[in-house]
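Chain by chain, the residues run as shown.
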Amino acid sequence: MYMLEILLHPFVQRAIIAILLTSLAAALVGTFMVFRGLSFLVSGVAHAALGGAALGIFLETSGLAPFIDPLLGALLFGILVALITGVAGEAGVSGRMEVAIGVSFAFAMSIAVFFMFYIPPERVPQIWGYLIGDLLLLTEKDILLLFTACFTLAIIVVLFHREFVYVSFDMDALIAQGVNAKVYHYLMLITMAIAIIVATKAIGAILVYAILVAPAAVAVEWGKSVNQVMLLVFILALTSQMLGLISSFQWNFSPSAVAGIVAATIYLITLAKKKAK
């Protein structure tokens with residue numbers, strides 16, 4: 001009865017919908033990130049959101065561009081990081097891409113700190129909200145944005161599933177077939193960036209990194225096919241976040257923190273078992 005009453009609250013229902021949508025995003029995007037060796041892209045793009053949001057708020061409050069929304073700034077910065085990463089990795093070298101992400105990450109965070117001094121103090125928490133996030137504080141606008149992004153993401157992944165697999169594992173083979181691999185290379189990165197930014201807006205950079213990377217890292221170890229890996233990612237991401245949500249009601253824990261801990265713990269257990277073999 002107690003749980004039923006909780007489930008009837010709109011903020012809980014929005015949290016559950018967000019969990020389902022972010023789990024879907026993890027399955028569709030996180031899988032290819034781990035395949036491509038770009039798990040650090042989640043952190044780079046998510047933190048780029050802080051710089052973009054800070055710039056957006058500055059342009060809005062200063063009157064220079066009052067039509068600029070913080071989310072638009074975050075999206076532009078996230079896509080910029082993806083494009084820089086794409087240029088560095090056109091040859092298919094993951095190492096160069098990681099360096100590009102690291103430099104972009106430092107640049108975006110520096111931008112965030114710089115503009116924090118020039119925006120109204122009451123708007124600063126809005127920037128840090130991209131870092132922390134909270135499943136229980138989501139608005140209907142957040143859910144609609146997350147749903148739109150996940151729906152679009154699903155269509156793109158279904159349409160270009162084969163090409164994304166080739167880009168992740170063997171870009172040369174795609175080129176040998178006469179296909180312009182660069183197009184799919186950049187499409188995949190931009191798609192990842194948009195999904196990360198929108199998810200970050202809803203649940204924060206910390207939980208996004210845990211949910212998009214850890215379940216995919218575990219699923220890759222156990223899955224026998226790409227589709228099987230995606231299914232496992234969805235289940236693991238969903239389980240981690242639901243446990244976080246339940247713990248917030250039972251023991252007043254942070255749902256995001258618990259979800260991150262559960263996802264990371266599952267990965268560490270998997271790593272230990274693989275090493276033991």
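This write-up is about the structure you can find in this document. (Residues numbered from 1 in each chain as written. Predicted model: local features only at pLDDT ≥ 70, side-chain atom pairs only at ≥ 80, totals over all residues. Heavy atoms only, no water.)

So, about the overall build of the chain. Summing up its helical and strand segments, the chain has 13 helices and zero strands in all. For the chain, the N- to C-terminal ordering of α and β elements is α-α-α-α-α-α-α-α-α-α-α-α-α. Taken over C-alpha atoms, the radius of gyration comes to 19 Å for the chain, in line with the 19 Å a tight globule of 277 residues would show. Taking the principal axes of its C-alpha atoms as reference, the chain extends roughly 55 × 55 × 35 Å. Per-residue burial for the chain yields a buried fraction of 49% across its 277 residues. Counting only carbon and sulfur atoms, one obtains 72% of the accessible surface of the chain, whose full area is about 12900 Å². The average position of the 13 basic charges and that of the 13 acidic charges among the side chains of the chain differ by 10 Å. (Helix = DSSP H or I, 4+ residues; strand = E, 2+ residues; numbered from the N terminus. Rg over C-alpha atoms; globule rule 2.2 N^0.38 Å. Buried < 20%, exposed > 50% of the residue type's maximum accessible area, 1.4 Å probe, protein only. Areas by Shrake-Rupley, 256 points an atom, 1.4 Å probe, with all protein chains shown as cover. Lys, Arg positive; Asp, Glu negative; His and termini not counted. Charge placed at Lys NZ, Arg CZ, Asp CG, Glu CD.)

Take the nonpolar core next. Counting residues in each nonpolar core, the largest one holds 86 residues, and the members touching the most others are F32, L41, L146, M192, I196 and L212. Those residues within four positions of L212 in sequence are excluded, and the remaining contacts are A26, V29, G30, M33, V42 and I196. (Core = buried A, V, L, I, M, F, W, Y, C linked by side-chain atoms within 4.5 Å. Contact = heavy atoms within 4.5 Å.)

Moving on, we come to the layout of surface pockets. Here the largest pocket is characterised by a volume of approximately 220 Å³. For the largest pocket, the lining is made up of 13 residues, of which G129, L137, D142, K201 and A202 are closest to its centre. No other element matches the four residues that helix α6 (residues 124-132) contributes to the lining of the largest pocket. (1 Å grid on protein atoms, 1.4 Å probe; cavity = no way out; pocket = protein on both sides within 12 Å on 5 of 7 lines; lining within 4 Å. Points joined across faces, edges and corners; volume = space filled by probe spheres on them.)

Given a rise of 1.5 Å per residue, 27 residues ought to cover 39 Å, and the 38 Å separating the end C-alpha atoms of helix α2 (residues 10-36) matches this to within 8%. Of all the bends in α2, the greatest, near 35°, is centred on V29. After α2 finishes, the residue G37 shows a positive phi value of roughly 75°. (Expected span 1.5 Å × (residues − 1). Bend = angle between axes of the 7 residues up to and from the residue.)

Here we take up the packing of α2 against helix α8 (residues 161-169). The description of two packed helices rests on the angle between their axes and on the distance between the axes. At a closest axis distance of 8 Å, the pairing of α2 and α8 adopts a crossing angle of 30°. Considering the angle they form, α2 stands roughly parallel to α8. Remark: the crossing between α2 and α8 carries right-handed chirality. Along its contact with α2, which presents F32, F35 and R36, the element α8 presents H161, F164, V165, V167, S168 and F169. Residues belonging to the contact of α2 with α8 are distributed by class as follows: six nonpolar, two polar and one charged. (Axes fitted to C-alpha atoms, helices over the stretch in contact; angles between N-to-C directions. Parallel < 35°, antiparallel > 145°, perpendicular 65-115°, else oblique. Left-handed = near helix turned anticlockwise from the far one by under 90°. Nonpolar A, V, L, I, M, F, W, Y, C, P; charged D, E, K, R; others polar.)

This part is about a nonpolar patch on the surface. Together, V113, F114, F117 and Y118 line one region of the surface with nonpolar side chains, adding up to about 480 Å² of accessible area. Position of V113 among the secondary structure elements: in helix α5 (residues 94-116). Residue V113 is classed as partly exposed on the basis of its relative accessible area, which comes to 44%. (Patch = residues over 30% accessible without salt bridge, like charges linked within 9 Å, V, L, I, M, F, W, Y side chains within 5 Å. Salt bridge = Lys/Arg side-chain N within 4 Å of Asp/Glu carboxyl O.)

Counting across every chain of the model gives two cavities of 30 Å³ or more. Taken as a whole, the largest cavity holds about 40 Å³ of empty space. Listed by contribution, the elements that provide at least two residues to the lining of the largest cavity are α2, α7 (140-159) and α10 (181-203). Quantified by volume, the second largest cavity comes out at close to 30 Å³.

This part takes up the side chain of S248. Mapped onto the fold, S248 is located in helix α12 (residues 226-250). For S248, a relative accessible area of 9% corresponds to the buried category. Not counting residues within four places of it along the chain, the set of residues in contact with S248 comprises L136, F253 and P255.

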